[in-house]
Amino acid sequence: MTVERELAAAVQAVGQRLAGWTPGIAMVLGSGLGALADEIREPVTIPFSEIPGLVPTHVAGHAGRLVAGELRGARVLAFAGRLHLYEGHSPSRIVLPVRLAAALGATRLLVTNAAGGIRRTFRPGTLMLIRDHINLAFCSPLAGPVLPGEARFPDMSAPYDAELAQAMREASRARGVSLEEGVYAWLRGPSYETPAEVRMLERLGADAVGMSTVPEVIVAVARGMRVCGVSCITNAAAGYGAPLDHEGVLEVTARVREEFAALVKSWVESVV
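Described in the following lines is the structure provided in the data block. Note that the structure is a prediction, hence the values are computed from the model and not measured.

The rules behind these values
- Numbering of residues starts from 1 in every chain and runs along the sequence as written.
- Per-residue local features are limited, in this predicted model, to residues with pLDDT of at least 70; the limit for side-chain atom pairs, both in listing and counting, is 80 or more; totals at the level of whole chains, interfaces and linings are taken over all residues.
- Only hydrogens and water are removed before side-chain values are computed, so all heavy atoms of the structure are retained for them.
- Going along the chain from the N terminus, every DSSP run of H or I of four or more residues is numbered as a helix, and every run of E of two or more is numbered as a strand.
- Partly exposed describes any residue whose relative accessible area lies between the buried limit of under 20% and the exposed limit of over 50%, with all areas from a 1.4 Å probe on protein chains only and scaled to the type maximum.
- Under this scheme, a helix contributes an axis fitted over its contacting stretch, all axes are lines through C-alpha atoms, and angles between N-to-C directions fall in the 0 to 180 degree range.
- Here the angle decides the label: under 35 degrees means roughly parallel, over 145 means roughly antiparallel, 65 to 115 means roughly perpendicular, and every other value means oblique.
- For any helix crossing, the convention is left-handed if the near helix is rotated counterclockwise from the far helix by under a right angle, and right-handed if that rotation is clockwise.
- Pairs of residues are marked as contacts when any of their non-hydrogen atoms sit within 4.5 Å.
- Under this grouping Gly is polar, as are all residues other than the nonpolar Ala, Val, Leu, Ile, Met, Phe, Trp, Tyr, Cys and Pro and the charged Asp, Glu, Lys and Arg.
- Between Lys or Arg on one side and Asp or Glu on the other, a salt bridge is scored when a side-chain nitrogen of the former is within 4 Å of a carboxyl oxygen of the latter.

### Quick word on unusual backbone geometry
Alright, step 1. Looking along the chain, the bond that leaves glycine 189 and enters proline 190 is cis, with omega of 5°.
Alright, step 2. Here proline 190 lies in the loop between β7 (180-186) and α5 (195-204).
Alright, step 3. With a phi close to 50°, alanine 19 is a non-glycine residue in the positive phi region.
Alright, step 4. With respect to the helices, strands and loops of the structure, alanine 19 is situated in the loop between α1 (3-18) and β1 (25-29).
Alright, step 5. According to the relative accessible area criterion, alanine 19 is exposed, its value standing at 68%.

What follows is the structure in structure tokens.
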């Protein structure tokens, strides 16, 4: 099945469940951050396995479900968990949620992730507003035929919307939540980076590194969506701290869950 036909099938399946309901904000909630979806009121919950083109994710901390409903006065479509290249999926498959959200009417996208801290002042639990990104996976989800509604050559000079970023800064001040800013680098994974790779990333200007998010942002920009991104720094990158493991990542996201949820809910209220 082509990407366009797969998307059409997903839109039809989810659209029937939503019965004409139109989202305003889409969210992709990364490792350990999906609990925010539990706060959505009057939810319609759809497992990824029931959406054409999506499959269950087997990565801990990624529930693999879509939750639609109301959050702080906004109509929200939240994807609790995501698919990754390192699971063996194609770039077009991992961005299907964003294309689906845009086709259903969402005009804004919040992307979140757990990331390794490259900037040496970052500590586990730091929240970082993504100012820009570096694609070091050396692939694009836009490769292939151009889908209707997408630009062939999207301008990536400002992929993260300035007004949405300012709203996140104001939300952090209103909630008393510390918020850093920086550049996120995307690598394919699934192995963590070597110390030499981390030194390279530091020299390239990256402040954090992870295995997701960038392809979703690329597609969102190609479809004209406004994007905001937040990373939860869960560990110091290789060579800067203790040995790395995914259990440690989930422990840190669990620790900052309430702070993260408060920040996002305040941001949603301000951009409705």
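### Side note on the packing of α1 against helix α3 (residues 96-103)
Angle between the axes and distance between the axes: these two values describe a pair of packed helices.
Alright, step 1. Two numbers describe how α1 lies on α3: the axes approach to 10 Å, and their chain directions differ by 60°. Classified by the interaxial angle, the pair formed by α1 and α3 is oblique. As α1 packs across α3, the resulting crossing turns out to be right-handed. Where α1 approaches α3, its residues Val3, Leu7, Ala10, Val11 and Val14 are matched on the opposing element by Leu96, Arg99, Leu100 and Ala103.
Alright, step 2. Residue classes in the contact of α1 with α3 are distributed as eight nonpolar, no polar and one charged.

### What to know about the pattern of salt bridges
Alright, step 1. By the definition in use, this model includes 15 salt bridges.
Alright, step 2. The shortest N-O distance in the salt bridge between glutamate 50 and arginine 17 comes to 3.1 Å. Pair noted here: glutamate 50 is in the loop between β2 (41-47) and β3 (65-71) and arginine 17 is in helix α1, with a separation of 33 residues, a long-range link.
Alright, step 3. Under the relative-accessibility criterion, arginine 17 is labelled partly exposed at 40%.
Alright, step 4. Here glutamate 150 and arginine 99 are joined by a salt bridge, their closest N and O atoms 2.6 Å apart. On the criterion of sequence distance, the pair formed by glutamate 150 in the loop between β6 (127-135) and α4 (162-175) and arginine 99 in helix α3 is long-range, its members being 51 residues apart. Here glutamate 150 matches arginine 99 in class, with each residue buried.
Alright, step 5. Residues joined in a network through salt bridges with shared partners are Arg99, Glu150 and Arg223.

Worth remembering: the numbers are spatial, not functional.
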